[in-house]
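Understanding the architecture of this molecule
Below are the chains, spelled out letter by letter.
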Amino acid sequence: TASSAQQGPTGDFSTRGRVVELDAAAITLEHEAVPALKWPAMTMPFKLAEPGLAKGLKPGDKVHFSFRQQGDDAVITSIMKTGGKP
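This is a predicted model, so every value here is computed, not measured.

**So, the overall build of the chain**
Along the backbone of the chain there are 1 helix and 5 strands. Starting at the N terminus and walking to the C terminus, you meet the elements of the chain as α-β-β-β-β-β. Out of the 86 residues in the chain, the part that is buried amounts to 29%. Across the chain, contacts joining residues at least 24 apart in sequence account for 45% of those joining residues at least 6 apart. Split by element, the accessible area of the chain, about 5,600 Å² in all, is 53% carbon and sulfur.

So, in structure tokens, the structure goes:
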């Protein structure tokens, strides 16, 4: 249909970032560019598919995460703390 053609890429996208802030339902990340979505590096909020996904994370943590677009929302489906220095 015409509407599905305008939605853009679908599926899961992965990138790295740094936790800026978080609460039970959402997490704000400063993330690297996502070329598949034509997104530059930026800081933005993501919803969490499940509240427990961000358990143990805190502002400043470096993470690798996967997300999908659900309407106007970017929803994290997995997130994992990464170690090491940049």
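**Some words on the confidence of the model for the chain**
Summing up the model confidence of the chain, the mean pLDDT is 87 and the portion of residues at 70 or higher is 86%. Counting interchain partners and residues more than four positions distant, the pLDDT-below-50 stretch residues 1-7 has 0 contacts.

**Things to note about the side chain of His 31**
With respect to the helices and strands, the residue His 31 is situated in strand 2 (residues 26-31). By relative accessible area, which is 3% here, His 31 ends up buried.

**Focus: the sheet that holds strand 5 (residues 73-81)**
Taken together, 5 strands build a closed barrel; the order of strands is 1-2-3-5-4 and the barrel is mixed. In this sheet, adjacent strand axes meet at a mean angle of 55° when their direction is disregarded.

**Observations concerning the packing of aromatic side chains**
The geometry of two aromatic rings is summed up by the distance between their centres and the angle between their planes. The full count for this structure, using the stated rule, is 5 aromatic pairs. A centroid spacing of 5.7 Å and a plane angle of 40° characterise the contact between Phe 13 and Phe 67, whose relative ring orientation is tilted. Of this pair, Phe 13 sits in strand 1 (residues 12-22) while Phe 67 sits in strand 4 (residues 62-70); the two residues are 54 residues apart in sequence, bridging distant segments of the chain. Here the two residues Phe 13 and Phe 67 agree in accessibility, since each one is buried. Relative to Phe 67, the ring of Phe 46 lies with its centre 5.3 Å away and its plane at 70°, an arrangement referred to as edge-to-face. Taken as a pair, Phe 46 in strand 3 (residues 42-48) and Phe 67 in strand 4 lie far apart in primary sequence, 21 residues in all.

**Focus on the pairing of strand 5**
Inspection of the sheet shows strand 3 paired to strand 5 by 2 bridges, in the parallel sense. Within the sheet, the bridge partner assigned to Lys 47 lies in strand 5 and is Val 75. For strand 4 and strand 5, the ladder comprises 8 bridges, and the chain directions are antiparallel. Paired with Phe 67 across the bridge in strand 5 is Ile 76. Taken together, strand 4 and the strand that follows it, strand 5, pair antiparallel across an intervening segment of 2 residues, in which Gly 71 is found at a positive phi of about 65°.

The rules behind these values
- Residues numbered from 1 in each chain as written.
- Predicted model: local features only at pLDDT ≥ 70, side-chain atom pairs only at ≥ 80, totals over all residues.
- Heavy atoms only, no water.
- Helix = DSSP H or I, 4+ residues; strand = E, 2+ residues; numbered from the N terminus.
- Buried < 20%, exposed > 50% of the residue type's maximum accessible area, 1.4 Å probe, protein only.
- Contact = heavy atoms within 4.5 Å.
- Areas by Shrake-Rupley, 256 points an atom, 1.4 Å probe, with all protein chains shown as cover.
- pLDDT = per-residue confidence, 0-100.
- Pairing = 2+ DSSP bridges.
- Axes fitted to C-alpha atoms, helices over the stretch in contact; angles between N-to-C directions.
- Phe/Tyr/Trp six-rings, centres within 6.5 Å; stacked < 30°, edge-to-face > 60°.

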